[in-house]
Amino acid sequence: MSAIESHRAILSFRSVATGFLLAILLNIWVPYGSYLLQSSRMTVAHLPIAALILFLVLILVANPLLRLHRPQAAFSPHELSLIFSMLLIASLIPGKVFVSYFIAIIATPYYFAAPENQWVTTFFPYLPDWLLASNQGHAMEWFYEGLPAGAAIPWTAWVIPIFWWMSFFVVLFFMGACTVTIFRKQWIEHEKLTFPLVKVPLDLIAAEQSQGQSHIFLNDRLFLAGCGIVLFVAVWNILSYFYLVSPIPIGASSFLQPLQLSPSFPAIPLRINVYMLCFAFFISLDILLSIWVFFLLGIVESGLLTRIGLSGIMGATGGNASVSSQFFGGFIMFVLLSVWSARRHLAQVCRKAFGRGADVDDSRELLPYRVAVFGLLGGLLYLWAWLYRAGLSLTAIPVFLAFLFILYFGMTKIIAETGLVFLDLPVNAHEITVLSVGSGRFSRPSLTVLGLASAYARNWRGMGMGSLALVDRMTDGYWPRKRGLLVVLGFTFVVSMVASLAYTVYIGYTTTGAYHFGTRDAFGGMNVGYYDLIVIWMRNVMSLGQYETWFMGIGAGLLWGLVFLRHRLPGWPFAPVGFTICSASVIRDTILSIFLAWLVKWVLMRLGGTMYYRRGQRFFIGALVGHCVGVTLSFFVDAIWFPGQGHTMHDW
C-alpha cells in the first residue's frame, strides 16, 4: 500500500466519525458510572479499561457482524488503529484522570469557604477570578446541592474560567505532541524501546487480518481459557453483591492480609489486580524483576531507618520521607540521563528546525521538526504569560515549569519503556516546587496560583504526552506519514473535554448534586484539602528536610551507578528504570500482581522459551477480555440494582 493510500485508509470519514462518537460516549459513560453509580473508576490507567472495552466491542462484536453481512464494510486494521488512538486520547479527560481535579479546583473556593477554614482572610484576595466559577446567583451552591425546581442551569458562570483553562490545557497537549515528535526517533530507533503497553491492541488488530468471519482469538483455546477463568471470578463476585455467595478476594478492592516483617517495617499490601497482572505479563523480565527487588529493598531500608530514628516526617515524596526522596532523586537523574543520551539526536533535530539539516528525515513524525521545536518554544512562552497573569512570580515560573516537564517527560519515557498500565507521579510538581524552594520564599499570590495547579500538576498522564507517545508508536506500522493524525487527535482532545465537562456540570445540577458524587473523585473532601494546602503553605514555613535533600542526592547517584553497570556488564540483571518507580503508591498496592507476572513469565521462559511465552500471551489477552466483560456486567448490575451504591470491581 502506498503512502497516499495508507493516509486515505486511516483517515476515512467513517473511522473518524466512529472515533468521535465513541469518544463522546466514553466521556458520558465514565462520569455516569463514577459519579452517579459510584461504580468502578474506568480511566485510572495509562491504557484505561473504558477505552479498551469500547474497542473490544468494536473489534470482537461489531466488526465480525459487519464481516458476516457485508465483508467490504468491515473496518480495516488502518481504521481500527485510528479509532483506538482516538479512544486513548478521549480517555485523558473524564473522571479522576482529569475532570475531577479540574472541576474541584474551579468550583470549590466560593462554595466551601467558611470562617473555620480561614480561606477568605488567607488567600481570597489573590484568587484570579477569571479562572474560577463564581457563586453569584447560587451557581456553585446549586451545582453541589442540586438545582431547585424551575431554575435554569447557570452555564454562564462556567464559560469564562473553562475557556481560559482550556487554552492552557490545549497548549500543554500540543507541547506534549512536540516533545513526542522530537524524541520518537531516539526512543524507537536508537534506544529500541518496545512500548509493551500497546502490544495488546496491536495483537488484536493484527488478528483482524486473518481469514474468517469471527475474530481469530475467539477460536483459540488458551484465549478462551483465560477469558473463562477471569469471567467466572467476576460473575461470582457480582453474585456476592446480593449476598448469595462470599466474594473471591481477587480484584481492585480485595486486599488479603498484608505482610509485615516487623512493626518498624512498612506493611506490604497483598492484592491481585487482574488488569495489572495481565498487562505486566508483557513487560520484560528484567524490568519486572527490578521493580519488585527494588521495592523490597526500599521496604527493608525504611524499616532500618525507622529503627535508628530516621523514619522521617511524612515528606514531599510521600511515605518514608528519606526513602521516597531517594527514589525521586533517581527519577530526576533518569530524566537528565535520558536527555543527555539523546544529545546527538537533539542536535540533528535542531539542525533540521533551523534549516541546516536537509539530510535529516522527519517525514515519519507527527510534526515537522521545525514546527515541533518552535511550537515547544511558543507553547512555553504562552504558559509563562498565562501563569504570570494568574499571579505566579517570574522567579517561581521557571522552577515550577521545570519540575512539571521533568515529571511529565519522565512518566512518558517510563511508560514507553516499562509498559506499566498503572503508575502515578512520584510527586506533584506544585508541591515539590514549594518544598524545594521553601514556602517562605514565595509571595502569597504565587502560593495561591501553585495551589490551583492541582487541576493539572496531579495529572499522571502528562496531559496527553504519554498517550501521544503510545499513539505514535501504535500507528507506526499503519501510517508511515502521520501528518494530519495530530489534527484528528487534537480535535478529539477538545471535543472530549467539552463533552465531559458539560455532562459533569449538567448532572451536578440536575441529579443529586456534585457533593454526593462520592469522596473518591475530589468533590466531597479532597477538593477542600487542595485549598487547605494553600493555607498551610502561607501559615507555616515548609521546605525539604536536610535528610530528604541528602537522600535525593544519594538516589541520583545510585541511578547513575545502575545505568553505568547496565552498560558495562552485559549480564547485569536489573533495569535502572525499576529504581525510579518502585516507591510509587500504585506499585506498592499492586506489587503482588507484578511479582506473579514475573514468576509466571520466568517459569514459562524456562520451560519452553519464547514458544511458551507466546502461548501465555494468548491466555493473558483472554484474561484481560474476561476482566473487561466482568467490569461491564458489574456496571450494568450497579445501574439496575445499586445506583449510587455501586461496587468497585476495577481500580488501581
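Residues numbered from 1 in each chain as written. Predicted model: local features only at pLDDT ≥ 70, side-chain atom pairs only at ≥ 80, totals over all residues. Heavy atoms only, no water.

**A word on the side chain of S593**
Operational definition: A run of H or I in DSSP becomes a helix once it reaches four residues, and a run of E becomes a strand once it reaches two; helices and strands are each numbered from the N terminus. Remark: exposure states derive from per-residue accessible area (1.4 Å probe, protein chains only) relative to the maximum for the residue type, with buried under 20%, exposed over 50%, and partly exposed in between. In this analysis, two residues are considered to be in contact whenever any of their non-hydrogen atoms come within 4.5 Å of each other.
Tracing the backbone through its elements, the reader meets S593 in helix α26 (residues 591-641). On the basis of relative accessible area, S593 is assigned to the buried category, the value being 0%. Discounting chain neighbours no more than four positions away, the residues touching S593 are R271, I272, N273, M276 and L277.

**Focus: the environment of K185**
For K185, the position within the fold is in helix α9 (residues 156-190). For K185, a relative accessible area of 15% puts it in the buried group. Put simply, K185 and L37 are 148 residues apart on the chain and 44 Å apart in space, counted from C-alpha to C-alpha. Excluding residues within four positions of it along the chain, K185 makes contact with H190, H345, D361, E365 and Y369.

**Remarks on the side chain of D203**
Relative to the helices and strands, D203 resides in helix α10 (residues 199-206). Among the residues examined, D203 registers a relative accessible area of 19% and is labelled buried. Those residues in contact with D203, other than ones at most four positions away along the chain, are F217, Q617 and I621.

**Examining the packing of helix α2 (residues 13-37) against α26**
This is how the line gets drawn: Axis geometry follows a simple rule: fit a line to the C-alpha atoms, using only the stretch in contact for helices, then measure angles between N-to-C directions, giving values from 0 to 180 degrees. Put simply, angles under 35 degrees are roughly parallel, angles over 145 are roughly antiparallel, angles from 65 to 115 are roughly perpendicular, and the rest are oblique. Each crossing gets its hand from how the near helix is turned against the far one by less than a right angle, where anticlockwise is left-handed and clockwise is right-handed. Polarity classes work like this: nonpolar for Ala, Val, Leu, Ile, Met, Phe, Trp, Tyr, Cys and Pro, charged for Asp, Glu, Lys and Arg, and polar for all others, with Gly in that last group.
It is at 11 Å that the axes of α2 and α26 come closest, and there the two elements cross at 50 degrees. The orientation of α2 relative to α26 falls into the category oblique. You can see that α2 and α26 cross each other, and the crossing is left-handed. Between α2 and α26, the residues in contact are W29, Y32, G33 and L37 and F635, D638 and A639, respectively. Residues of the contact of α2 with α26, tallied by class, amount to 5 nonpolar, 1 polar and 1 charged.

**Concerning the confidence of the model for the protein**
Cut-off, in case you're wondering: One confidence number per residue, pLDDT, is output by the predictor and ranges from 0 to 100.
Mean pLDDT for the protein: 92, with 95% of residues reaching 70 or above. Per-residue pLDDT stays below 50 along residues 1-9; that stretch engages in 13 contacts with residues further than four places along the chain or on separate chains. Predicted confidence is poor over residues 313-318, with pLDDT under 50, and the contacts of this stretch with residues over four places away or in other chains come to 16 contacts.

**Brief notes about helix α16 (residues 369-390)**
How we decide: A helix is expected to reach a length of 1.5 Å times the quantity of its residues less one. By arc we mean the arc of the directions from the helix axis to the C-beta atoms, nothing more.
In this model α16 runs 31 Å from its N-terminal to its C-terminal C-alpha over 22 residues, within 8% of the 32 Å that 1.5 Å per residue would give. For α16, every residue scored as buried is listed here: Y369, A372, V373, G375, G379, L383, W386, L387 and A390. Angularly, the buried residues of α16 cover 165 degrees about the axis, an arc narrow enough to put them on a single face. Opposite the buried face of α16, at more than 90 degrees from it, the exposed residues are L381 and R389. Tucked inside the fold, the buried residues of α16 contact α9, α15 (343-353), α17 (396-418) and α19 (444-452).

**Some points on unusual backbone geometry**
Despite not being glycine, Y243 has its phi angle at roughly 60 degrees, a positive value. Inspection of the secondary structure puts Y243 in the loop between α11 (221-240) and β1 (256-259). Residue class for Y243 comes out exposed when judged on its relative accessible area of 77%. Positive phi, close to 50 degrees, is recorded for M463, a residue that is not glycine. Along the polypeptide, M463 turns up in the loop between α19 and α20 (465-474).

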